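Chain residues, written in single-letter form:
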Amino acid sequence: MENVIIIGTGCAGWTAAIYVARANLKPLVLAGDQIGGQLTTTTEVENFPGFPEGIMGPELMMKMQQQAERFGTRMEYVAATKVEKLADDTFVVTAGEKSYEARSIIIATGASPRHLGLPNEKELIGHGLTSCATCDGAFYPDVPVAVIGGGDSACEEAVFLSKFASKVYIIHRRDELRASKIMADRVLAHEKIEPIWDSAVSEYVTDDKGEMTQVRLQNRKSNEESLVDVKCVFVAIGHIPNTQFLVDLVNLDPNGYLLREKGTQTSLEGVFAAGDVADHDYRQAITAAGLGCAAALEAERYLSEKFGD
Ligand code: NAP
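Residues numbered from 1 in each chain as written. Predicted model: local features only at pLDDT ≥ 70, side-chain atom pairs only at ≥ 80, totals over all residues. Heavy atoms only, no water.

## Some thoughts on the sheet that holds strand S13 (residues 193–196)
Point 1. The strand order across the open sheet built from five strands is S10-S17-S11-S12-S13, with neighbouring strands paired in parallel fashion. Strands with a single pairing partner mark the edges of an open sheet, and in this sheet they are strand S10 (129–130) and S13.
Point 2. One ladder, built from four bridges, connects strand S11 (residues 144–148) with strand S17 (residues 232–235); its direction is parallel. Note on S17: the bridge partner recorded for Val-147 is Phe-234.
Point 3. Across the face of the sheet, helix H5 (residues 152–161) comes into contact with S11, strand S12 (167–171), S13 and S17 while running at roughly 165° to S11. (Pairing = 2+ DSSP bridges. Helix = DSSP H or I, 4+ residues; strand = E, 2+ residues; numbered from the N terminus. Contact = heavy atoms within 4.5 Å. Axes fitted to C-alpha atoms, helices over the stretch in contact; angles between N-to-C directions.)

## Describing the nonpolar core
Point 1. Core analysis: the largest hydrophobic core is formed by 34 residues, its most contacted members being Ile-6, Cys-11, Trp-14, Val-20, Leu-39, Met-64 and Ile-106.
Point 2. Counting residues per element, this core draws most heavily on helix H7 (residues 285–307), which supplies nine residues.
Point 3. Here Leu-39 is in contact with Cys-11, Val-45, Gly-57, Pro-58, Leu-60, Met-61 and Ala-285, once residues within four sequence places are set aside.
Point 4. By size, the runner-up hydrophobic cluster in this structure holds 24 residues, among which are Ile-5, Ile-105, Leu-246 and Val-277. (Core = buried A, V, L, I, M, F, W, Y, C linked by side-chain atoms within 4.5 Å. Buried < 20%, exposed > 50% of the residue type's maximum accessible area, 1.4 Å probe, protein only.)

## Structural notes on the site of the ligand
Point 1. Not every one of the 19 residues close to the ligand is listed here, only the nearest: Asn-47, Asp-152, Ser-153, Arg-174 and Arg-178.
Point 2. In the environment of the ligand, an oxygen atom lies 3.4 Å from a nitrogen or oxygen atom belonging to the backbone of Tyr-282.
Point 3. One of the backbone N or O atoms of Arg-283 is found 3.5 Å from an oxygen atom in the ligand.
Point 4. Protein burial of the ligand: of its 920 Å² of free accessible surface, 78% is covered by the chains. (Near = heavy atom within 4 Å. Polar contact = N/O pair within 3.5 Å; in protein donor to acceptor, adjacent residues only side chain to side chain. Areas by Shrake-Rupley, 256 points an atom, 1.4 Å probe, with all protein chains shown as cover.)

## Observations concerning the pairing of strand S7 (residues 91–95)
Point 1. Burial analysis of S7 places five of its five residues in the buried class, the great majority of the element.
Point 2. Side chains Phe-91, Val-93 and Ala-95 of S7 all project onto a buried face; the interleaved residues Val-92 and Thr-94 project onto the opposite face, where all are buried too.
Point 3. Relative to S7, strand S6 (residues 82–85) is paired through four bridges, and the arrangement is antiparallel. In the strand pairing of S7, Lys-82 is matched with Thr-94.
Point 4. In textbook terms, the turn of a hairpin is the stretch between consecutive antiparallel strands, and for S6 and S7 this stretch comprises five residues, one of which, Asp-89, has a positive phi near 65°.

## Quick look at the domain arrangement of the protein chain
Point 1. Per the domain assignment, the segments of the protein chain are domain 1 (2–112 + 239–307) and domain 2 (115–235).
Point 2. Distance between the C-alpha centres of domain 1 and domain 2: 32 Å.
Point 3. Of the roughly 460 Å² buried between domain 1 and domain 2 on both sides combined, carbon and sulfur atoms contribute 51%.
Point 4. Three residues stand out in domain 1 for area buried against domain 2, namely Thr-41, Thr-43 and Glu-46, and they jointly supply 70% of the buried area on that side.
Point 5. Counting the contacts that link domain 1 with domain 2 gives one salt bridge.
Point 6. Here Arg-186 makes a salt bridge to Glu-46, at a shortest N to O gap of 3.7 Å.
Point 7. One can count zero residue pairs in polar contact (both at pLDDT 80 or more) joining domain 1 with domain 2.
Point 8. When the residues that make up the side of domain 1 that touches domain 2 are grouped by side-chain class, the tally is no nonpolar, three polar and one charged. (Domains from an automatic or database assignment. Buried area = accessible area lost by both parts, 1.4 Å probe. Salt bridge = Lys/Arg side-chain N within 4 Å of Asp/Glu carboxyl O. Nonpolar A, V, L, I, M, F, W, Y, C, P; charged D, E, K, R; others polar.)

## Regarding the pattern of salt bridges
Point 1. Counting across every chain of the model gives 14 salt bridges.
Point 2. The partner of Arg-74 in a salt bridge is Glu-2, and the shortest N-O contact between them spans 2.6 Å. Taken as a pair, Arg-74 in strand S5 (residues 74–76) and Glu-2 in strand S1 (residues 2–7) lie far apart in primary sequence, 72 residues in all.
Point 3. For Arg-74, a relative accessible area of 36% corresponds to the partly exposed category.
Point 4. Residue Glu-203 pairs with Arg-216 through a salt bridge whose shortest N-O separation is 2.7 Å. Here Glu-203, found in strand S14 (residues 199–206), pairs with Arg-216, found in strand S15 (residues 212–219); they are 13 residues apart in sequence, far enough to count as distant.
Point 5. Taking relative accessible area as the criterion, Glu-203 reaches 31% and is therefore assigned partly exposed.
Point 6. Counted as one network, the salt bridges with shared partners bring together Lys-85, Asp-89, Glu-269 and Lys-306.

## A short note on empty space enclosed by the protein
Point 1. With the rule as written, the count across this model stands at one cavity of 30 Å³ or more.
Point 2. By volume, the largest cavity amounts to about 40 Å³.
Point 3. Lining the largest cavity are Thr-41, Thr-42, Thr-43, Ala-133, Thr-134, Glu-156, Glu-157 and Phe-160.
Point 4. Looking at the lining of the largest cavity, the elements that each hand over two or more residues are helix H4 (133–136) and H5. (1 Å grid on protein atoms, 1.4 Å probe; cavity = no way out; pocket = protein on both sides within 12 Å on 5 of 7 lines; lining within 4 Å. Points joined across faces, edges and corners; volume = space filled by probe spheres on them.)

As structure tokens, then:
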């Protein structure tokens, strides 16, 4: 029986693991499908305190993992598919064929990139449609590409892609970027980046091999249609919380985010939530890490009060 199982390996999960491990509670971390979470798909992180020159996202996550492991955290390369509470107030976490027992759970499963919901999108992933510029940007040198979205992610992707692509369109449904001023200014001043305002992508157009060739746009003010040549589309329109496996266990808000009822405690005693899976307001690496710390401290307190550890 584990004291604490931490589900997820982003900033929240690893920070929780550092604190739980330093309390000598030997946490077990279930890695999930993307070890290191969203920061492993970004480039430079400029706003994580303590790194005045910035740090690459994957490197930051590797350092967090090393720090957690240094104090006795163990990791299993599985993704949780179910969590159940038993009559004796312990939990069983199922991950495919495997199952794990624990006295408390910290959910830090983060959120996954949202897509538009167009018909041929699944087939196009890897053939000119992606949500990770860091992963796929270098495959599109000297060709035009597009980013969809107007937030910090879209701006960051656009600037990164400008290193490779001949041109980067940033297609946004409004006429003003949502991104922070520093990012928006950088994008709008960039010679290779061209915003296309008030526009929604209504179709991904492909060639006979199924590769992306164009996007069909609809202007939301004039209703006019247009076609833009692009070899790849990078979708950056926000995220969906990874809570699908928890719907029968704890209360979620209408958008699927875990509800924190008291501190990081969910609607179920012994289950704590941290990071983007339970935070649609801030969604920063540092706030996720902060919530991971809080969840660990609250899990510790819960174990001590409930089980006398
Ligand atoms: P976001 O801020 O929620 O922005 C999503 C963008 O996608 C918005 O511009 C939104 O348009 C657009 N959008 C949403 N649904 C759409 C749809 N169905 N069709 C077309 N467009 C759609 O998401 P994010 O950029 O991923 O950022 C998430 C959080 O992480 C934010 O708090 C951000 O500040 C933070 N972040 C920070 C950094 C950094 O500081 N370096 C980097 C990346 C992200 P509207 O504007 O019209 O709503």
